[in-house]
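Single-letter residue listing:
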Amino acid sequence: MVASVDSLPARIRHRFPIFERRVYVNSCSQGALSDSVRQAYEQYLADWDEHGAPWEYWVERGDAARDTFAQLVNAAPEEVAVTTSLSAGVSALASGLRYARRSKVVLTDWEFPTIGQIWHAQEARGARVVHVPEAPDGTIPIEHFERAIDDDTALVSITHVCYRNGSKLDVDAVVRLAHERGALVLLDAYQSIGSLPVDVRALDVDFLGAGVLKYLLGSAGLGFFYCRRELVERVWPTATGWFADRDIFAMDHRDYSPATTAGRFQSGTPPVPAIYAGIAGMELMQEIGIAETREHVLRLHERLFEGLDELGATVVTSREPERRGALLCVASTDAPALVDVLDREGIDTSSRNGSLRISPHAYNSDEDVDGVLEALARHRRLLTRG
Ligand SMILES: Cc1ncc(COP(=O)(O)O)c(C=O)c1O
């Protein structure tokens, strides 16, 4: 029998000790620590202590992480690289594109800084970077992409859910347009992965970058990069390392023969401790259920919207469920000060661009939402009234 979505936090909350002390609604920054992720780190130390240098096993753990992520996004394992961050995978891609026949990279104003910085760095290699702006209503309409994507566009770099305002992009429409015009699409799924189902085949994206730090409940140090099978050998990364080689243990310093799989987007020694933790986090999210989590979080959002409306707050994030991720952003007259006062009252949130970020996840309950709303009522003066 499938458990009711309403009972989700009751079922899993005891696995996250922070809730004994705090109201944690900051998963857009970092997921809460679970018992299984803590245990995975302990296991890493135990294995190291007991076996010394069990590299065969550690490489196998990297493969297990790749398999788990591949399953999560409906990719084949050979389409997934195990990286140390989202940036590392995207940098390997950027270093491997030629900006000759098509020179333009189109990105949006919703991108995380790392994406803009990586593409602008490619200007030194001939890339031309064009930004698609947001409209005054806070959306990025498809017409804005129509103006930017043309037959000189090599790649369109988009983000699934914006870290600053919680907006979810209409990925389907952008992918359709980009492909019609012969451009490839990279999706930054860091703010969506684990909080809602992400399927690379259904989205039809060519490349996808993500990490496990947030809604996948892992820790810093582990990322993944997906490359559509047919494209792998069309990209020749020049930012590379020995774990990108066709035969890692060939140890040939006189040759560069990148893997014929997405492994070519890897670099040096894999982040073994973060791999242990990442597997535990991803497996826990699979056990909890990502589709169920999405349903649960949208229900918590309704409660939040209701309470925020009563307070006269200005919610920056869309009211249309399809146009938002797990993150709700609330305009503040002084967002860092609001984060500080909430912190002193035992509530973990974060801020970006003048907004308070509230990002509920599977473990959050109605009581958490009510606690946040009561605290916001006490600090109403720090809310920008609509
Ligand atoms: C949308 C988005 N992209 C990328 C990143 C960071 O990626 P990296 O793993 O390169 O640090 C974050 C982290 O906050 C993010 O929210």
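Residues numbered from 1 in each chain as written. Predicted model: local features only at pLDDT ≥ 70, side-chain atom pairs only at ≥ 80, totals over all residues. Heavy atoms only, no water.

Novice: Mind laying out the layout of surface pockets, listing which residues take part and the relevant values?
Specialist: Approximately 460 Å³ is the volume found for the largest pocket. Taken together, 18 residues form the lining of the largest pocket, with L97, R98, R101, L184 and R234 sitting closest to its centre. Tallied by class, residues from the lining of the largest pocket come to nine nonpolar, three polar and six charged. (1 Å grid on protein atoms, 1.4 Å probe; cavity = no way out; pocket = protein on both sides within 12 Å on 5 of 7 lines; lining within 4 Å. Points joined across faces, edges and corners; volume = space filled by probe spheres on them. Nonpolar A, V, L, I, M, F, W, Y, C, P; charged D, E, K, R; others polar.)

Novice: Explain the environment of T260 to me, using residue names and the numbers behind them.
Specialist: With respect to the secondary-structure elements, T260 resides in the loop between β8 (223–227) and α9 (272–288). Between the alpha carbons of T260 and D245 there is a distance of 8.8 Å; along the sequence they are 15 residues apart. Excluding its chain neighbours within four sequence positions, the residues that come into contact with T260 are V232, E233 and R246. (Helix = DSSP H or I, 4+ residues; strand = E, 2+ residues; numbered from the N terminus. Contact = heavy atoms within 4.5 Å.)

Novice: Before we move on, could you go through the site of the ligand and cite the residues and values that matter?
Specialist: Near the ligand, the surroundings consist of S85, L86, S87, F112, Y163, D188, Y190, Q191 and K214. Here L86 contributes a backbone N or O atom positioned 2.9 Å from an oxygen atom of the ligand. K214 places a polar side-chain atom, nitrogen or oxygen, 2.7 Å from an oxygen atom of the ligand. Coverage of the ligand by the protein chains reaches 83% of its 400 Å² of free accessible surface. The residue inventory of the shell around the ligand, partitioned by class, reads four nonpolar, three polar and two charged. (Near = heavy atom within 4 Å. Polar contact = N/O pair within 3.5 Å; in protein donor to acceptor, adjacent residues only side chain to side chain. Areas by Shrake-Rupley, 256 points an atom, 1.4 Å probe, with all protein chains shown as cover.)

Novice: For the packing of aromatic side chains, give the residues involved together with the corresponding values.
Specialist: Using the criterion set out here, one finds 13 aromatic pairs in the structure. Seen from their ring centres, Y44 and W58 are 5.6 Å apart, and the 40 degrees between their planes marks the pair as tilted. In this pair, Y44 is assigned in helix α2 (residues 35–51) and W58 in helix α3 (residues 55–73), connecting sequence segments 14 residues apart. The pair formed by Y44 and W58 is uniform in burial state, with each residue classed as buried. Judged by centre distance (5.2 Å) and plane angle (90 degrees), the ring pair of W55 and W58 falls under edge-to-face. A residue pair is termed a helical-turn pair when its members lie 3 or 4 positions apart in one helix, as W55 and W58 do in helix α3 at three residues. Judged by its relative accessible area of 33%, W55 is partly exposed. Given the relative accessible area of 5%, W58 is considered buried. (Phe/Tyr/Trp six-rings, centres within 6.5 Å; stacked < 30°, edge-to-face > 60°. Buried < 20%, exposed > 50% of the residue type's maximum accessible area, 1.4 Å probe, protein only.)

Novice: Let's hear about the pairing of strand β12 (residues 355–358): which residues, and what values?
Specialist: A two-sided burial pattern is seen for β12, the buried positions comprising S355 and R357 on one face and L356 and I358 on the other. Examined bridge by bridge, strand β9 (residues 328–331) and β12 share four bridges and lie antiparallel to one another. Residue pairing for β12: A331 is matched across the bridge by S355. Summarising the sheet, strand β11 (residues 350–352) and β12 pair through three bridges and their orientation is antiparallel. Within β12, the position partnered with S350 by the bridge is R357. (Pairing = 2+ DSSP bridges.)

Novice: Would you mind going over empty space enclosed by the protein in detail, with residue names and values included?
Specialist: Scanning the model with the defined rule gives one cavity of 30 Å³ or more in all. Together, V25, L304, I358, P360, N364, D368, V369 and V372 line the largest cavity. With three residues, helix α12 (residues 366–378) is the largest single contributor of residues to the lining of the largest cavity. For the lining of the largest cavity, a count of residues per class yields six nonpolar, one polar and one charged.

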